[in-house]
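Coordinates in review
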Amino acid sequence: MQGLKGMMKMTTLKGLVLKEIDSGEASKSICVLTAESGVIYIYVRGGRKSTKTTSATQAFSYSTLCYEEKKNAKGQVSRYLNSSEPVKLFYNIRLDAAKVALASYFSELIIYSGTEGEEYGDVLRLALNTLYFLDEDKMPADLLKCVFEFRLMCEIGFMPKLVGCTHCFKYEDEKMHFNFLEDELECDECCMNPDSGHSMILDKMLLYVVRYIALTDFEKLFYFKISDRYLKKLNEFTERYVSYHLKHRFGALDFYKMLK
Ligand SMILES: [Zn+2]
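Residues numbered from 1 in each chain as written. Predicted model: local features only at pLDDT ≥ 70, side-chain atom pairs only at ≥ 80, totals over all residues. Heavy atoms only, no water.

A count of helical and extended segments in the protein chain gives 8 helices and 9 strands. With respect to the three principal axes, the spread of C-alpha positions in the protein chain is 70 × 40 × 30 Å. Relative to its 260 residues, the protein chain shows a buried fraction of 50%. In the protein chain, once contacts between residues fewer than 6 apart in sequence are set aside, the share between residues at least 24 apart is 62%. (Helix = DSSP H or I, 4+ residues; strand = E, 2+ residues; numbered from the N terminus. Buried < 20%, exposed > 50% of the residue type's maximum accessible area, 1.4 Å probe, protein only. Contact = heavy atoms within 4.5 Å.)

Next comes the structure, spelled out in structure tokens:
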């Protein structure tokens, strides 16, 4: 729809609010994950006061957002919220401080790695599914964290080579070495430097889980269980994977670990 001024455009789309940022005394900006436009920022006039738009524009709300887009002389786009309607609010997350911290970590990961203008349909789907499972306690929070961390990396272009040993193509072995610098597997026989500080040993079970999270369909992604012993190993793998690729420390993750 064309607005009254030539440069104004009205857009309506669904998005997941990742974060609220205070702006002035009464207003805020929201950082939103959308399928069509990636991660975008929308200004909410008076958004810090309690109004009918509050629930739809708070963090972890999935909402229909209608906004005006304005371009300045330099071509930079600003967005101003016109109206909003909640689609799904994930109430239970807000009632639990550890869940809020974990959901905030998911947001931080998306904001840090996301860009405006990209097709993010799969990332949005992953985020909504993850929040649903967190909200409903349908998967242990620590396992959900591993699934989200690693699958997000795979979705945004950091898919490791998991087909088999990079030298002899062996599909599995009692011990496979995953090298975080090269993003590839080596079997025990071929492994050039088994004591490398940049690699981690994956046994058959752990390799199976890692492949499952990277490659399985969204419909099946959250339907598995592992023992505490494997959860600890998986957690080491997914956290190291994130830190090798994003090289960033996430405050909300530290906070989550303190609270859980
Ligand atoms: Zn090999």
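This part takes up the sheet that holds strand 6 (residues 161-165). The strand order across the open sheet built from 4 strands is 6-8-7-9, with neighbouring strands paired in mixed fashion. Strand pairing shows two members of the sheet lacking a second neighbour, strand 6 and strand 9 (199-202), which therefore form its edges. Sheet twist, expressed as the mean angle between neighbouring strand axes with direction ignored, is 25°. The pairing of strand 6 with strand 8 (residues 184-187) spans 2 bridges and is classified as parallel. Each residue of the ladder has a partner; that of Lys161, found in strand 8, is Glu184. (Pairing = 2+ DSSP bridges. Axes fitted to C-alpha atoms, helices over the stretch in contact; angles between N-to-C directions.)

So, on to the coordination of the zinc ion. On the protein side, the zinc ion has Cys165 (SG), Cys168 (SG), Cys187 (SG) and Cys190 (SG) as donor atoms, found 2.3 Å from it. The site at the zinc ion holds 4 donor atoms, and with the angles between them running 99 to 115°, its shape is tetrahedral. By relative accessible area, which is 37% here, Cys168 ends up partly exposed. (Donors = N, O, S within 2.8 Å, 3.2 Å for Na, K, Ca; no water. Tetrahedral: all angles 85-135°; square planar, octahedral: opposite > 155°, others 65-115°.)

Regarding helix 8 (residues 251-259), the residues found buried are Ala252, Leu253 and Tyr256. Buried residues of helix 8, viewed axially, fall in a sector of 100°; they line one side. Looking at the packing, one finds that the buried side of helix 8 touches helix 2 (97-113), helix 4 (141-155) and helix 7 (228-246). (Arc of directions from axis to C-beta.)

Its domain assignment divides the protein chain into domain 1 (8-89) and domain 2 (128-259). Here the C-alpha centre of domain 2 lies 33 Å away from the C-alpha centre of domain 1. Taken together, both faces of the contact between domain 1 and domain 2 bury some 320 Å²; the carbon and sulfur share is 82%. When residues of domain 1 are sorted by the area they lose upon contact with domain 2, Leu16, Tyr62 and Lys88 head the list and together hold 82% of the total. (Domains from an automatic or database assignment. Buried area = accessible area lost by both parts, 1.4 Å probe.)

Time to look at the side chain of Ser196. In this fold, Ser196 is placed in the loop between strand 8 and strand 9. Overall, Ser196 belongs to the buried group, its relative accessible area being 17%.

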